[in-house]
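A look at the structure
For reference, the chains in residue letters:
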Amino acid sequence: MSMRNRTSALTALTVAALVSGTILMAPAAGAAPKAAAPTFLSASQLPPHATSSWTAGPVTDGFPEELGVCVSTEGVPSYDYRHRQFRTDLDTSAVQLTVVTGTAAQAKALAKHYDDLIRTCADRIEESSPDVEAEGRDYGKLPVEEGARVRGLHTETSWGATDIALLSVGRDGRTVTVVEWGQMGDFGDAPVAAFKKTTNTAVNKLH
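Predicted, not measured: the structure shown is a model, and the values here were computed from it.

1. Topic: the nonpolar core
A general tendency of soluble globular proteins is for nonpolar side chains to be buried together. Core analysis: the biggest nonpolar cluster contains 28 residues, and Tyr81, Leu97, Val99, Tyr114, Leu153 and Val176 have the highest contact counts within it. Within the residue set of this core, elements represented by two or more residues are β4 (93-100), α2 (104-119), α3 (121-128), β5 (132-142), β7 (162-172) and β8 (175-184). With 6 residues, α2 is the largest single contributor of residues to this core. Those residues within four positions of leucine 97 in sequence are excluded, and the remaining contacts are Gly62, Phe63, Pro64, Leu67, Tyr81, Arg82, His83, Tyr114, Val176, Thr177 and Val178. Listed in part, the 22 residues of the second largest apolar core include Phe86, Leu142, Ala148 and Ala202.

Structure follows, in structure tokens:
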């Protein structure tokens, strides 16, 4: 999950998925009509880092490759995807995706689809990468707007690289957001309470 040069399990898996061409392509049909752009998290709204401040990148069109380990656009209409990346000076990074769909019903289905992908991500990682052990955890639902859910994912490679990620999916009307935080470490290093607060803020800021 690190955005530095240190090799990690999730980084390697993302690169492999990019090479195979399965992450960034979405079907051309079914694009949603343009709507008011959702508002994104700011750097100060990420879980605090003990020794480094967060830096926020620009809001960018398209689907972020960082989510490609667990979430992709495969089989999903080409909605209005936008994202923002965040980083610290050390090995912690984050990304937020927003997706504007055509209707609230489409957004509800998309949010469930993304949550299902995250829920089953650990099993899919182990099936596709025999050298990686993965474990997912469910940290529960959040009562914000139309709802959100927070999950955790830990991966460890046979050569000792270990990474922890927190991921959430939330919805406000016909807009869905996915937030991912990650760094080297295990479940004991995950700031779950702070990430839940970040997720609440992300969903509340959509519109």
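2. With respect to the environment of arginine 171
Within the element layout of this structure, arginine 171 appears in strand β7. On a C-alpha basis, the gap between arginine 171 and glycine 147 in space is 6.0 Å, while along the polypeptide they are 24 residues apart. With near-sequence residues (within four places) excluded, arginine 171 lies in contact with Ala104, Ala107, Lys108, Val144, Glu145, Glu146, Gly147, Val176 and Val203. Separated by 3.5 Å, the side chain of arginine 171 and the backbone oxygen of alanine 104 make a polar contact.

3. Digging into a negative patch on the surface
Residues Asp123, Glu126, Glu127, Glu133, Glu156, Asp186 and Asp189 make up a contiguous surface patch of negative charge. In terms of residue count, the dominant contributor to the negative patch is α3 (3 residues).

4. Focus on the pattern of salt bridges
Per the counting criterion, the structure on display carries 7 salt bridges. Among the salt bridges present, the one from aspartate 138 reaches arginine 149, with a minimum N-O distance of 2.6 Å. Of this pair, aspartate 138 sits in strand β5 while arginine 149 sits in strand β6 (residues 148-157), placing them 11 residues apart in sequence. A salt bridge links aspartate 138 to arginine 151, with the shortest nitrogen-to-oxygen separation between them at 3.7 Å. Of this pair, aspartate 138 sits in strand β5 while arginine 151 sits in strand β6, and the two are 13 residues apart along the sequence.

5. Quick notes on the environment of serine 168
Of note, serine 168 is situated in strand β7. In this structure the C-alpha to C-alpha distance between serine 168 and leucine 142, which are 26 residues apart in sequence, comes to 9.8 Å. Only 2.8 Å separates the side chain of serine 168 from the side chain of threonine 199, close enough to count as a polar contact.

6. Focus: the pairing of β7
Summarising burial for β7: 10 of the 11 residues are buried, a large majority. Note that β6 and β7 share 9 bridges and pair antiparallel. Bridged to histidine 154 within β7 is isoleucine 164. Hairpin connection between β6 and β7: a loop of 4 residues separates the two successive antiparallel strands, and glycine 160 in this loop has a positive phi of roughly 105 degrees.

7. A word on the packing of aromatic side chains
For the structure on display, the rule yields 1 aromatic pair. Aromatic side chains phenylalanine 63 and tyrosine 81 sit 5.7 Å apart centroid to centroid with 85 degrees between the ring planes, which places their arrangement in the edge-to-face category. In this pair, phenylalanine 63 is assigned in the loop between β2 (60-61) and β3 (80-87) and tyrosine 81 in strand β3, connecting sequence segments 18 residues apart. The class for phenylalanine 63 is buried, based on a relative accessible area of 10%. The ring of phenylalanine 187 is capped by arginine 137, whose NZ or CZ atom sits 3.8 Å from the centre of that ring.

8. Thoughts on unusual backbone geometry
We note that glutamate 145 has phi near 50 degrees; this positive angle belongs to a residue other than glycine. By secondary structure assignment, the location of glutamate 145 is in the loop between β5 and β6.

9. A look at the side chain of serine 72
Relative to the elements of secondary structure, serine 72 occurs in the loop between β2 and β3. For serine 72, a relative accessible area of 13% translates into the label buried.

The rules behind these values
Residues numbered from 1 in each chain as written. Predicted model: local features only at pLDDT ≥ 70, side-chain atom pairs only at ≥ 80, totals over all residues. Heavy atoms only, no water. Core = buried A, V, L, I, M, F, W, Y, C linked by side-chain atoms within 4.5 Å. Buried < 20%, exposed > 50% of the residue type's maximum accessible area, 1.4 Å probe, protein only. Helix = DSSP H or I, 4+ residues; strand = E, 2+ residues; numbered from the N terminus. Contact = heavy atoms within 4.5 Å. Polar contact = N/O pair within 3.5 Å; in protein donor to acceptor, adjacent residues only side chain to side chain. Patch = residues over 30% accessible without salt bridge, like charges linked within 9 Å, V, L, I, M, F, W, Y side chains within 5 Å. Areas by Shrake-Rupley, 256 points an atom, 1.4 Å probe, with all protein chains shown as cover. Salt bridge = Lys/Arg side-chain N within 4 Å of Asp/Glu carboxyl O. Lys, Arg positive; Asp, Glu negative; His and termini not counted. Charge placed at Lys NZ, Arg CZ, Asp CG, Glu CD. Pairing = 2+ DSSP bridges. Phe/Tyr/Trp six-rings, centres within 6.5 Å; stacked < 30°, edge-to-face > 60°. Lys NZ or Arg CZ within 6 Å of the ring centre and 35° of its normal.

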